[in-house]
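Results of the structural survey
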Amino acid sequence: MDHLSALENKSIFIIREAYYRFRNIALLWSVGKDSTTLLWLCRKAFFGKIPFPVIHIDTTYKFPEMYAFRDDYAKVWGLDLIIGKNEESVGSGMGPSRGSKLDCCNELKTNALKNTIASRGFKALLLGIRRDEHGIRAKERVFSPRDENFKWNYEDQPAELWDQYKSTTEEDNHVRVHPILHMTEIDIWNYIKRENIPISELYLSRGGKRFRSIGCVPCCSPVESNAGSIDEIIEELKTTKTSERAGRAQDKEDAYTMQKLRSLGYM
Amino acid sequence: MEEQALHIVIVGHVDHGKSTLVGRLFYDTGALSPERFEEIKRASEAQGKPFEFAYIMDNLLEERQRGITIDVAHTFFSTQKRKYVIIDAPGHKEFIKNMITGTSQAEAAMLIVDASRGIEDQTLRHCYILGMLGIRQVAVIVNKMDLVGYAEDAFKTVKGRIEGVLEGLKITPAYIIPVAANSGQNVASKSENLSWHKGPTVLEALDSFSPLKIEEAVLRLPVQDIYMINSDGIAVGRVESGTVKKGQQIYILPGMGMTSVREIKKFGEENVMSASAGECVGISIGRGWLKRGDVLVDRPNAIVTKNVHANIFWMNDRGFKMGDQLTFKCATQETSAAIDRIIKRFDPASIEVIEKDAREIKAAEVAEVDITLFSSVSIDMYAEIPELGRFVLESDGVPVAGGIIV
């Protein structure tokens, strides 16, 4: 079996395990390349029709192209789309320039997610994080439990042997399931190419710049690049010396911001 | 370049230099971006240290403050030959469950031993776990050769001892390599100081390993779930061994029903005729019903039983006391279980039997046990079909032990 098929089969196995354990599950879709790939894998796992809701956490600061992409493909793929927003914080003017970026991510992403989970009673979430994105994510389990405060207990994670994932317990508020944890950035692009997965045009170079990772407008900077097609992105990644999240301002505030954010329940 | 990535776990006693070796390997092969290098330099300075290669793997603040690895980290790099996933495991006894978690995903291992300190408790414990999990491709890395003046004699002493330990576990190390990881000697390039070593560097040793070959074997397809698609019940699952073919007669274990494969489904593919080990498929059958936990086989040669004889390793702190309620999970099968007999328990750090006919198993101990299950399961010997020959025991939803059917 070739590399991409091996990765795909591993992901589909995990997605199906998660759906068996938690009929009350949802997919977290940021509209970025990773969660769109995950969404594609879910369509394959369930023969075209995803049998659970897809959540988009809307900070109101996303790129206009992302909102358009979301609405288009929610229709094309017949998604049961839930838009989660922390109305209270948005209303009071929370933003990355008011206070720290950590506070902003925590309010507009993590707390919006908390509210959405609480209101719908989801017991599990599928997330498109990957181990090679960040050293903290490299420590994740495939099934990663969170308590009622969304705390990630990274100092005492459950054992995870072979393909046996932890059953749920009463202390678990919900379980984060990570079906593409084992894929790298270049795997994702090779898979997008093979499967012809639609992807936001923000990733393609315009005027000598492109986004390697997308999120909120104020905290995303493009990288210098002339890669205007998926093939060119793959070529670029083979030799690049910059890291994928170099343009993501929230990781850079402090060496351990990602750890702090994630321990509070960030993705 | 080879297609699939090779998964390698790095094991050994605390402070013998596992994370440093991986960090150095990463750095010397050019896999570390300048930006990440700067980040680690700053973090090292903040902890009052010179450039700390281990920080490439140890990213938690607590890990850097305490100078230890708490949990496994997976990292990715490539050589001319292939892609690698390097799994850095923690070396403390208290994090043994994390070490086992990492090792369960590996096809090969590098065992690190500090030349100045020799074999210690976790060296022995980790060796034992490698043997038990059937990891036969092992390279031993004798690290910190700088602390013993690069002396060949010191190396030979450690080499002899570790060979003795591994021999008892039926592991023949492919290489035993003297290195000084923090200065990169014999990691990616040969060391002048260690010119008496005629074998490969760590990087060359890695490239000489091979992926686990999946032998042509009998069919095992455990059912994961049933989906209703166009009012047709489709059983989904992953082929764990062998090949499933359209039209084939199959048995449904553990019940011993017989049926045929009417159709194999994969989204976006028409008329799938067969699927082999590793493939996730949907199956519709001619007659009868399937449910999660059923195992589809082509010949009724699997073991259908309520009694399992196994070697288990205990992972949680509480340990086990006779009478504790457990859940047995093997592939997609799950049933209540009780350990009725602890034939013997021992501490792999000493490899001496602690007690026969025991009433308890303590944290990080290994035991030979008889387990009685509430419902029948379909299993195989670990040595024959590992996917159906290994299991996890849970207590109140928490995985507490792993086991190998012998």
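This report concerns the structure included in the present document.

How each quantity is defined
Residues numbered from 1 in each chain as written. Chains lettered and ligands numbered in written order. Predicted model: local features only at pLDDT ≥ 70, side-chain atom pairs only at ≥ 80, totals over all residues. Heavy atoms only, no water. Buried < 20%, exposed > 50% of the residue type's maximum accessible area, 1.4 Å probe, protein only. Helix = DSSP H or I, 4+ residues; strand = E, 2+ residues; numbered from the N terminus. Pairing = 2+ DSSP bridges. Expected span 1.5 Å × (residues − 1). Disulfide = S-S within 2.5 Å. Contact = heavy atoms within 4.5 Å. Axes fitted to C-alpha atoms, helices over the stretch in contact; angles between N-to-C directions.

1. Comments concerning the pairing of strand β2 (residues 73–78) of chain B
All names here are of chain B.
- Within β2, 5 of the 6 residues are buried, which leaves the element mostly enclosed by the surrounding structure.
- Sheet topology places β2 next to strand β3 (residues 83–88); 6 bridges connect them, and they run antiparallel. Paired with Phe-77 across the two strands is Tyr-84, which belongs to β3.

2. Quick word on helix α2 (residues 33–45) of chain A
All names here are of chain A.
- When the terminal C-alpha atoms of α2 are compared, their 18 Å separation across 13 residues agrees well with the 18 Å that a helix rising 1.5 Å per residue should span.
- Summarising burial for α2: 13 of the 13 residues are buried, a large majority.
- Phi turns positive, to about 55 degrees, at Phe-47, one or two residues after α2.

3. Description of the state of the cysteines
- Applying the stated rule across the entire model yields 0 disulfides over all chains.
- Free of any disulfide, Cys-216 of chain A has its nearest neighbouring cysteine sulfur in Cys-219 of chain A, separated by 6.5 Å.
- Under the relative-accessibility criterion, Cys-216 of chain A is labelled buried at 11%.
- Lacking any disulfide linkage, Cys-330 of chain B is separated from the closest cysteine sulfur, that of Cys-280 of chain B, by 17 Å.

4. Concerning the environment of Lys-83 of chain B
- Relative to the helices and strands, Lys-83 of chain B is located in strand β3.
- For Lys-83 of chain B, a relative accessible area of 23% gives the class partly exposed.
- Contact partners of Lys-83 of chain B, with chain neighbours within four places excluded, come to His-3 of chain A together with Met-1, Glu-2, Glu-3, Gln-4, Ala-5, Leu-6, Phe-77 and Ser-78 of chain B.

5. Description of the sheet that holds strand β5 (residues 143–146) of chain A
Residue and element names in this part refer to chain A.
- Taken in spatial order, the 6 strands line up as β3-β2-β1-β4-β6-β5 in an open sheet, and their pairing is mixed. Only two strands of the sheet have a single neighbouring strand rather than two, namely β3 (81–84) and β5. Neighbour to neighbour, the strand axes of the sheet diverge by 30 degrees on average, direction disregarded.
- Packed onto the sheet, helix α3 (residues 64–76) meets β2 (54–57) and β3 and runs at close to 155 degrees relative to β3.
- Sheet strands in contact with helix α5 (residues 101–120) are β1 (25–28), β2, β3, β4 (124–126) and β6 (174–177), and its direction is about 145 degrees off that of β2.

Read these as layout, nothing more, since geometry by itself doesn't imply function.
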